[in-house]
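Read off the chains here:
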Amino acid sequence: MSVPAIPESYSHVLSEFECLDPLLSALRLDSSRLKCTCVAVSRKWLALGSSGGGLNLIQKESWKQRLFLTHKEGAISRIAFCLHDEDYVAVSTSQGLVVVWELNQERRGKPERIYISSEHKGRKVTALCWDTNALRVFVGDHVGKVSAIKINTSKQGKATTSFVMFPVQIITTVDSRVVQLDYLDGRLLISSLTRCYLCDTEREKFWKIGNKERDGEYGACFFPVGKTCGSQQSLIYCARPGSRMWEVNFEGDVLSTHQFKQLLSSSPLPIVTLREDLECTVSACSPQSLAFPRLLYLSDHCVMTWTERGIYIFLPQNIQVLLWSEIKDIQDIAVHKNELFCLHTNGKVSHLSLLPVEKCIERLLRRSLWTLAAKICCLFQNSVALCRARKALPIDKLEHLKAQLDLSTQSGIIAQLEELISKLEPLDSACSSRRSSISSHESFSVLDSGIYRVISRRGSQSDEDTCSLHSQTLSEEERLKEFQTQQEEEHMELDNVSHASVVVDTDRNETFLPFSIPLSFRSPSPLVSLQAVKDSVSSFVRKTTEKIEKMGTHVTPDKTRQDFRDEEEQLPEVTGNILEQPQDEEVELQNQPPEEELLKDLRAITAETLIRLQDPLVFLQPHLLRAALLDWIPVLEETFGFNTSTTLDNGLPKTHRMISLQVEEKQTFEGDKDPDKCPECVDKEQLSRTNYESSQVPTNQGETLEENTKPSNTSQTDETLCKETAGSEMTFSQSFKIHPPCFIAQNIQKDLVELTTLSFELKLYECSLINDEQPEASCALACRFIKEYFFLLDLERLKNCILTCHSDHAIIWETYMEGLKELTLAGPVTMSLENGDMFKTLKLLVDLGPWDAPVLLAHAQRLYEKFGETALRPLIKFYPSILPSDIKQICKNNPEHFLAYLDSLIKSKPEDKQLSFLRSLLYPESLQLDWLCLAVSHDAPQKASTMDVQGNPRPRSHLFTWGYNQLILLLLKLPTDIITKEKMSDICKCYGFWSGSLSLCLELNRRTEALANIVHLDDMNLLDRENGAIPETMEEWKFLLCLIKSHQSSAFQPVLQNGGTFNHSTPDWSNSVTIENVSLLLARVVGPDCAFQLLQECGLMDKLSERFAKVCEILRIAEKRQRVLIQSMLERCDRFLWSQQA
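Here's what I pulled together on the structure shown here.

Reading guide: rules and limits
Residues numbered from 1 in each chain as written. Predicted model: local features only at pLDDT ≥ 70, side-chain atom pairs only at ≥ 80, totals over all residues. Heavy atoms only, no water. Pairing = 2+ DSSP bridges. Helix = DSSP H or I, 4+ residues; strand = E, 2+ residues; numbered from the N terminus. Axes fitted to C-alpha atoms, helices over the stretch in contact; angles between N-to-C directions. Parallel < 35°, antiparallel > 145°, perpendicular 65-115°, else oblique. Left-handed = near helix turned anticlockwise from the far one by under 90°. Contact = heavy atoms within 4.5 Å. Nonpolar A, V, L, I, M, F, W, Y, C, P; charged D, E, K, R; others polar. Buried < 20%, exposed > 50% of the residue type's maximum accessible area, 1.4 Å probe, protein only. Salt bridge = Lys/Arg side-chain N within 4 Å of Asp/Glu carboxyl O. Phe/Tyr/Trp six-rings, centres within 6.5 Å; stacked < 30°, edge-to-face > 60°. Lys NZ or Arg CZ within 6 Å of the ring centre and 35° of its normal.

### Things to note about the sheet that holds strand 17 (residues 205-209)
Taken in spatial order, the 4 strands of this open sheet run 14-15-16-17, and their pairing is antiparallel. Each edge of the open sheet carries a strand with a single partner, namely strand 14 (178-184) and strand 17. The mean inter-strand angle of the sheet, taken between neighbouring strand axes irrespective of direction, is 20°. As defined by bridge partners, strand 16 (residues 196-200) adjoins strand 17 across 5 bridges and the pair is classed as antiparallel.

Written out as structure tokens, the structure reads:
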């Protein structure tokens, strides 16, 4: 598939290298209740205003939240930084108030409000702008009023701060809403819906810019000139209808009108992002007639604006469109130099960078994003071919990029790259022309290493060439430093290596070599010389080892290994930091035993076992299934040479030889891990060392092997097995086999993974245990099996098996997590975690996704161990890769942290889907009771506050606040069987969650218990028809009245509040469950006559007041009138029907 070429005039592109979604999630600005409403940026800070009135200030350098400022005056609508002193920030709220904060970062004090302006209260603030020299804020609102707030600061002295408060100055009131404000060198620029105004704030003079009005949102901005322009004044650009701009001088005179309508007929440029594939169609579009709502000045003399369709960047002085890209639903944009922070209408924030094409490609190369970099090279091939771009992208880099592409799937892009490289000017000609330029203007000498030493003459006119040459001819020390720095950056960007395979990338170590102009007379680099020495010594050691093995000489492993180390130590120390060349790695892999010989027997018996398992009679009968796998496992052990079979071959029956890894001593594969090496290189070196050491036995096992190979009886061996497997220290001293000892084809590995995982699920590692063996021995064997065959286990199935079958054995889960951590030991995410940067780590997890669930689980474990509960809430973004059951295992020692995660996960879903979502999480169903117990026992009122000594509810205790009330109610609403409902009712009663207990009692038809609880809770609101808590029969009414009579005869008990203190205030008897209140409810439900009869039977007439008699009389009158009204309506209907028949 070929990529279309973009015209030569487009030299820049918008790039998104960072995703801010994890940051918004950590700040809780991604929910339906709380959203980001505005954005601002400065050199140091990124400010995000929220709909809840919070202002989040995040440091841009490491994306750490440093400050959170709250406002009770409403949502944040606008934010503005003081650019000449970032210690001051102004915000406006939805109520029209303007608050100015002093952050006090220099003194490391707390931020404080230094001014609150109510001049625009009740109006919508539409623009904020700071003075470029003084501490003054300009404010504009929707009615056209513009004011200035002069700030008094604590830096001027405490006396001045305490007693001087400058009043708000009204600048002007324009004819319509203020669209945009800008300030530069004593001039205030105001853009309204109809025209632009220029104000000299020092001399208080005003000018209207231009004579023609407009109607709509049109922005305006200052266009400052650099110091190199001498006395040239800054310019002003004002948006006009029809994609036009006025160019205005600093006095307010219109100099010219620039028309961009026809220039915007070109196709949009794609935005380079790591989350989506690059797509671009080069085709002509119709001219765009647009209204630019804001104009913002960017670096490099650019003016930026946006519409509903996309972002537009202009070079107004050259009347050119630098680029335009399609991006929808932009609400606001904040810029700083070449950075753009876009706020979208849905509350999301995206971070874009305006970069030259060559800089963008260079960043992609550092991240090893080869395909995306190649597409951009082909897309902007006209820009890449320019001399300016070739300084950053020489032919060497393009050739290296082409070598990283896959010829089978990316042949089109490779052909385009080859065509691009062929068009470029040969570097020799560039070098010769440069030498001639140097010789004519500068004197130079060539060092022994081939480096130009240029002595520039003063007043020379070839400064550009000299600087360029100097950048191309660095010293060898600088090259080595640059090489190491680039390798560190590359190491940060690489992903984790898969546990199931080892990928040999022959070009990985050549990713960022120090490129330079090739000189024919240049001496070899010391880097190459040292590498050659290392290659020769390594080759000598390897050949010597092979000869010793062929001769069959019995050399002790320690001596062989020591000789190998001695040979390695003869290398220069500098080579320790040099990555091995890919050619050497290929030779090492070739010296390993061939796959066909090593896996011949294993492949045959694996195929035979799979055929046996396809028989339903074998697969559906556990004993036959276990027998088939027990015949397969010894061949697996013998193939990978774990030195276990020989231990059990003599003196043991066959059943004890099936799982021979139970008598294997701890074995560690030693290897140096160079942090400067990329993960692929480290893995391949470990692979070669593992293969070399797997054929040898450590010295500390020598005596054990000699003893075990002697004839012995079965009972003695079983006793030895029990002693070895009982201790946990042996289990954790063993190292993990993360990678296979040799290359395994994908189809064979798939079958091996299936059988190995099935063996663990059937607990075949317990075959040698005696019937009376303790469970600790089984756990130790399970841990050993996981460590020995970690590279052959399906990690997802292994996790599910541990959670379901080994939930009572924490040591097995810890072993599983230990293996995952070792699997993900190298990579940018782990390194970011070690640096203590949580937000960067979360962004890397999003940017480098999608992940395998076990790998993501390892990173989640590290995040929790590093940052605690704070790191759990953002992990809801990774559901369902990370499940609640995983989080519960991670924080099993802190169940309240799991509850916080679960509550956040459920609240992240829409309310109408929360119940069904919670039901999908409850597998097995017994989790419903476990989660309910956790929810009612954490962040809950004290038991003494909710129930008395007899276990009855305390009055009004159902009104207490429960931290996880929503989660508890959802768990109670889930459909389930009667037994589970009864257990949930007992749990609610035990912990005093009376609202849930009442609803469950009504569902279980335990109405007398529900009525008794209502009497103790003493709240008439609980007796309502909607929830069914009102008595349904006369017997229930009689029971309720008698219960109230007996309850009120006891002494009044003071109520305990949620905090545990007594409430001595007078209770609200109008809403209490008293005989009179219940009697009134009875009269309303069954009628006053039936109520009188029932009250007389209960002997409660003397307990009622005159109010009850009056209410009953009113009810009788109302009932009588209602009967009369119904009778009259029926008679009218009857007459009407008879009249229709006549």
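### Observations regarding unusual backbone geometry
Residue Pro 880 is bonded to the preceding Tyr 879 through a cis peptide linkage, with omega at 10°. In this structure, Pro 880 sits in the loop between helix 31 (853-867) and helix 32 (884-890). Note that the residue after Tyr 923, namely Pro 924, is joined by a cis bond; omega there is 0°. By secondary structure assignment, the location of Pro 924 is in the loop between helix 34 (914-921) and helix 35 (927-937). For Arg 28, which is not a glycine, the phi torsion comes out positive at approximately 60°. In this structure, Arg 28 sits in the loop between helix 1 (21-26) and strand 2 (36-41).

### Some words on the packing of helix 35 against helix 38 (residues 978-991)
Packing of helix 35 against helix 38 leaves a shortest axis separation of 10 Å and a crossing angle of 15°. Taken together, the axes of helix 35 and helix 38 lie roughly parallel to each other. The crossing of helix 35 and helix 38 is right-handed. Of the residues in helix 38, those in contact with Gln 928, Leu 929, Leu 932, Cys 933, Val 936 and Ser 937 of helix 35 are Thr 980, Lys 983, Met 984, Ile 987 and Tyr 991. A class-by-class count of the residues in the contact of helix 35 with helix 38 yields 7 nonpolar, 3 polar and 1 charged.

### Some words on helix 43 (residues 1088-1098)
Listing the buried residues of helix 43 in full gives Pro 1088, Ala 1091, Phe 1092, Leu 1094, Leu 1095 and Cys 1098. Among the residues trailing helix 43, Gly 1099 stands out with phi positive, at a value near 70°.

### Regarding the pattern of salt bridges
Per the counting criterion, the structure on display carries 38 salt bridges. For the salt bridge of Lys 799 with Glu 796, the shortest nitrogen-to-oxygen distance reads 3.4 Å. Taken together, the positions of Lys 799 and Glu 796, both in helix 27 (residues 795-805) and 3 residues apart, correspond to about one turn of that helix. Owing to a relative accessible area of 2%, Lys 799 belongs among the buried residues under this scheme. We note a salt bridge from Lys 821 to Glu 865, for which the minimum N-O separation is 2.5 Å. Pair noted here: Lys 821 is in helix 28 (residues 810-823) and Glu 865 is in helix 31, with a separation of 44 residues, a long-range link.

### Some thoughts on the environment of Leu 1094
Checked against the element boundaries, Leu 1094 lands in helix 43. Apart from the residues within four sequence positions on either side, Leu 1094 is in contact with Met 1034, Trp 1037, Lys 1038, Leu 1041 and Leu 1082.

### Quick word on the sheet that holds strand 12 (residues 145-150)
A sheet is described by the order of its strands in space; here 4 strands give the open sequence 10-11-12-13, paired in antiparallel fashion. The open sheet is flanked by strand 10 (125-130) and strand 13 (169-173), the only strands paired with a single partner. Within the sheet, the average angular offset between the axes of one strand and its neighbour, ignoring direction, is 20°. Relative to strand 11 (residues 136-141), strand 10 runs antiparallel, the two being bridged by 5 bridges. Its bridge partner lying in strand 11, Val 125 is registered against Asp 141.

### What about the packing of aromatic side chains?
Scanning the model with the defined rule gives 19 aromatic pairs in all. The interplanar angle of 85° and the centroid separation of 5.2 Å between the aromatic rings of Phe 223 and Tyr 297 together place this pair among those described as edge-to-face. Within this pair, whereas Phe 223 is found in strand 18 (residues 220-223), its partner Tyr 297 is found in strand 23 (residues 296-298), the two being separated by 74 residues in sequence. With 5.4 Å between their ring centres and 40° between their planes, Phe 760 and Tyr 765 make a pair best called tilted. The exposure classification of Phe 760 matches that of Tyr 765, with both residues buried. An aromatic cluster is defined as three or more aromatic residues linked by ring pairs; in this entry it consists of Phe 260, Phe 292, Tyr 312, Phe 314 and Trp 324. For Arg 240, the ring lying beneath its charged end belongs to Trp 246, and the centroid distance is 4.1 Å. The ring centre of Tyr 991 lies 5.0 Å from the NZ or CZ of Lys 943, which sits over that ring.

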